[in-house]
There are 2 protein chains.
Amino acid sequence: MTPGCSIPGPIEVADDVLYANAHPSMSHVSAEFVPVLGDCIRMTREVLLTTTGQPFLIAGSGTLGWDQVASNLVEPGEDVLVLNTGYFGDSFADCLQTYGAKVDQITAEVGGVVSQADIESALKTKKYKIVTFTHVDTSTGVLSDAKSIAETVKKVSPETLTALDGVCSVASEEIRMDDWGIDVVLTASQKGLGTPPGLSILVASEKAIKVFENRKIPPNSYYASWKKWLPIMQAYEKGSPAYFATPPVNLIYAYHASLTRITKGSPSLGERLQLHREASKKIKAAARELGLKQVPLDENFAANGMSAFYFPDGVTAPDVLPRLFKKDVIVAAGLHKAMKEKYFRIGHMGISVVDEQRGDIDKVIASMKEAIGQAIESKKV
Amino acid sequence: MTPGCSIPGPIEVADDVLYANAHPSMSHVSAEFVPVLGDCIRMTREVLLTTTGQPFLIAGSGTLGWDQVASNLVEPGEDVLVLNTGYFGDSFADCLQTYGAKVDQITAEVGGVVSQADIESALKTKKYKIVTFTHVDTSTGVLSDAKSIAETVKKVSPETLTALDGVCSVASEEIRMDDWGIDVVLTASQKGLGTPPGLSILVASEKAIKVFENRKIPPNSYYASWKKWLPIMQAYEKGSPAYFATPPVNLIYAYHASLTRITKGSPSLGERLQLHREASKKIKAAARELGLKQVPLDENFAANGMSAFYFPDGVTAPDVLPRLFKKDVIVAAGLHKAMKEKYFRIGHMGISVVDEQRGDIDKVIASMKEAIGQAIESKKV
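Residues numbered from 1 in each chain as written. Chains lettered and ligands numbered in written order. Predicted model: local features only at pLDDT ≥ 70, side-chain atom pairs only at ≥ 80, totals over all residues. Heavy atoms only, no water.

Asker: Could you give an account of the state of the cysteines, with specific residues and numbers?
Answerer: Counted by the stated rule, this structure contains zero disulfides over all chains. Cysteine 95 of chain B provides the cysteine sulfur closest to cysteine 95 of chain A, a residue in no disulfide bond, and the two sulfurs are 16 Å apart. (Disulfide = S-S within 2.5 Å.)

Asker: Account for the interface of chain A and chain B, naming residues and giving values.
Answerer: Taken together, the 52 residues of chain A in the interface contact 52 residues of chain B. A per-residue breakdown of the area chain A buries against chain B is headed by Ser25, Tyr222 and Tyr223 of chain A, which together make up 17% of the total. For the pair chain A and chain B, the number of links is two salt bridges. Here aspartate 94 of chain B makes a salt bridge to lysine 228 of chain A, at a shortest N to O gap of 2.5 Å. Those elements that provide at least two residues to the side of chain A that touches chain B are helix H1 (15-21), helix H3 (64-72), helix H4 (87-98) and helix H10 (249-264) of chain A. The biggest single contributor to the side of chain A that touches chain B is H4 of chain A, with six residues. Of the residues in the side of chain A that touches chain B, the class split is 28 nonpolar, 19 polar and five charged. (Contact = heavy atoms within 4.5 Å. Buried area = accessible area lost by both parts, 1.4 Å probe. Salt bridge = Lys/Arg side-chain N within 4 Å of Asp/Glu carboxyl O. Helix = DSSP H or I, 4+ residues; strand = E, 2+ residues; numbered from the N terminus. Nonpolar A, V, L, I, M, F, W, Y, C, P; charged D, E, K, R; others polar.)

Asker: Lay out the UniProt feature "domain: Aminotransferase class V" (unreviewed entry) in chain A with the relevant residues and their values.
Answerer: Feature annotation in UniProt places "domain: Aminotransferase class V" (unreviewed entry) on residues 18-338 of chain A, given in this structure's numbering. The annotated region residues 18-338 of chain A carries 41% helix and 16% strand content, and the separation between its end C-alpha atoms amounts to 37 Å. (UniProt positions renumbered as here; feature names shortened; annotations may be inferred.)

Asker: Can you lay out the packing of aromatic side chains for me, pointing to particular residues and giving the numbers?
Answerer: Two numbers describe a pair of aromatic rings. These are the distance of the centres and the angle of the planes. Considering all chains together, one arrives at 32 aromatic pairs over all chains under this definition. Arranged with centres 6.1 Å apart and planes meeting at 55 degrees, the rings of tryptophan 66 of chain A and tyrosine 222 of chain B form a pair that is tilted. You can see tryptophan 66 of chain A sitting in helix H3 and its partner tyrosine 222 of chain B sitting in the loop between helix H8 (206-213) and helix H9 (226-238), one on each of two chains. Exposure remark for tryptophan 66 of chain A: the relative accessible area of 4% places this residue in the buried category. Residues tryptophan 229 of chain B and phenylalanine 244 of chain B carry aromatic rings whose centres are separated by 5.0 Å and whose planes lie at 90 degrees to one another, so their mutual orientation is edge-to-face. Residue tryptophan 229 of chain B is located in helix H9, and its partner phenylalanine 244 of chain B is located in the loop between H9 and helix H10 (249-264); the two are separated by 15 residues in the primary sequence. Exposure class is identical for tryptophan 229 of chain B and phenylalanine 244 of chain B. Each is buried. (Phe/Tyr/Trp six-rings, centres within 6.5 Å; stacked < 30°, edge-to-face > 60°. Buried < 20%, exposed > 50% of the residue type's maximum accessible area, 1.4 Å probe, protein only.)

Asker: How would you explain the layout of surface pockets if you had to name every residue and give the values?
Answerer: Of the pockets and cavities examined, the largest pocket occupies roughly 970 Å³. Lining the largest pocket are 42 residues; nearest its centre among them are His28 and Val29 of chain A together with Ala332, Ala333 and Arg345 of chain B. For the lining of the largest pocket, the secondary structure elements donating two or more residues are helix H4 (87-98), helix H12 (317-326) and strand E11 (332-333) of chain B. Examining the composition of the lining of the largest pocket, we find that four residues originate from one element, H4 of chain B, more than from any other. Its volume calculated, the second largest pocket comes out at about 780 Å³. Around the second largest pocket, the lining comprises 32 residues; the ones closest to its centre are Ala332, Ala333 and Arg345 of chain A together with Ser27 and Val29 of chain B. Among the elements of the structure, H4, helix H12 (317-326), strand E11 (332-333) and strand E12 (343-347) of chain A are those that each provide at least two residues to the lining of the second largest pocket. If you tally residues by element for the lining of the second largest pocket, the top one is H12 of chain A, at three residues. Residues that form the lining of the second largest pocket fall into these classes: 20 nonpolar, seven polar and five charged. (1 Å grid on protein atoms, 1.4 Å probe; cavity = no way out; pocket = protein on both sides within 12 Å on 5 of 7 lines; lining within 4 Å. Points joined across faces, edges and corners; volume = space filled by probe spheres on them.)

Asker: Which residues make up the side chain of histidine 276 of chain B, and what are the values?
Answerer: Residues and elements named next belong to chain B. For histidine 276, the position within the fold is in helix H11 (residues 269-289). With relative accessibility at 0%, the residue histidine 276 sits in the buried group. Not counting the four nearest positions on each side in its chain, histidine 276 is found in contact with Ala171, Ser172, Asn304, Gly305, His348, Met349, Gly350, Val353 and Val354.

Asker: Before we move on, can you summarise the pairing of strand E10 (residues 306-310) of chain B with the specific residues and values?
Answerer: Residue and element names in this part refer to chain B. Across the five residues of E10, five count as buried, placing the element largely inside the fold. Across the two faces of E10 the burial is the same, with Met306, Ala308 and Tyr310 and Ser307 and Phe309 all buried. For E10 and strand E12 (residues 343-347), the ladder comprises five bridges, and the chain directions are antiparallel. In the sheet register, methionine 306 faces E12, and the bridge partner there is glycine 347. (Pairing = 2+ DSSP bridges.)

This is the structure:
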């Protein structure tokens, strides 16, 4: 286990994925590379259980997915509803406003989710172009109920689009894009998708693409513009190169290696999600035994790919994190502005969960027990 | 020599750079990684011969540099002058307009550069916020005279900023950012900088940063916003982590390896540029002997890191490129819309030039001679 394994992204990456990232230089328009990017487009659909969604794979951080939504699906002055469950909801709202959206937010209490009733009443007051939510807010470990949110939107305001920020959920939480009727899933390479960071991954439904095509004014971003990227993605999928900006060739090879594991390897995607649920249960049970309180208020709305726990009373990050570090277990400090100093976060996504032989989860649990125990002990002295 | 070596980017990458790209996952806020990104910021300055410029290293393609200029240094309705020497001038203008700039262009004839006299008269008619130019337009191999452009701008309109698009020139052409008074150099990782693609690299002068800080309205991009990135770059350089978007950790390790070669290795940066000039002369002389006409009209304004040659009369890309491919020499087809089918492009940047023992340049020349000879012969039959 290398350090870095137990933060909620970048997660540890399988060796074959790392090797692929060291692929010798290859022209982005070569006959060898074109089908690799084409396959990545197709396999991205498989991960999200969509047959008709349009993937966009662009060099960038996950953040770039917000720019794509804000500049392609919203026009200046249009109303957007942000369901805010933490740090990343704040930022998504900020991004939407940058491109001219009028943003209303429903902000959940810390550790909570936005209720369907609140979503329903907001949708009744105003015609929203799009409702956005963070599937797993990496700052809190809160898991929003994507299926119910999409259902509520469709029931109350069928024209409104639904965008799921899945940076911390794709390939570690269940997402049935077509069945649930999600219009946008945006994510990044470095979490459940098990690839080094640097790739912005987004899939738009046919309905979202239609909304984009019917814009009154052109997209108000250049680099994030689907007007530029849609023909590129379509060309590569059909097997021809096209040029707007040089793709991150090596990272595409790495993503291809990881997607091949996820969509064609063993365990299957369904089994992977089950393994994430089991690992999560194990870690959360161990924390409960230690008397640690979860940040998510309701265990039904807690992520399966990460956990966030408050420190015991009187204990702080410097009491715990260095003790874990000494055991080669690196966890993340708090991020939510309301209580940054009071909690920590553990990632359990990808190979550390799926490759059970590694024993990562047991090691994390044992180390957490020791470190928390020692920290509490040290405070008594 | 692996295929891909002889296109004008992505260029072939040294083995230690590839190994660095396969670095095990590392937290972007870890004590190990923070100084690596800090070093990259410092070494980027060294490559551009600036002591006060502010680097921005962001996951993205080179294209993202245009968004940075357009959304941070120009406000909607302001006038910008684009010196257009090919495909990339068109695109930079398109990007500037997307963010609301009023763009005037001086378009050079195909293969030519914009004259200083034309720049001077344009600057006298209007107050431009910024003058942009493509240092080497990858579509034509034309090298603009960066030093003279900056001098003219300073002489006629000292408040106007000068932005150099150096995607195809940084580390293969001389750029003295401070001495010449260039306000922005934007580039990407996959050409002269010898790193896999996926990193947008930009350096802004103190003057540019002041212009940015005195904006009347906030930047109108989110992902490309210096308001977000400036504190991040400053923090990492000082040795503390900060978060806006996850950096492309592996690629930063790779960039670090390549920058270390360029700024601390042998040959020195100055010697590197000299080697690029010599390799370029050799290739251009060989082409001249074959009767090939260069796309750049004046050899004083031809790039040192790439070449663009017209095919002989009656010969087309399918006659030449597959013949080169069989010899493991991959060159690029035409890109400029005016004569896409009529010419080809050879990249000669980075290790294929600097590591002379590889013999890449001689191989390219020998293969070109054979392929062009055979192509001409085949037309006679």
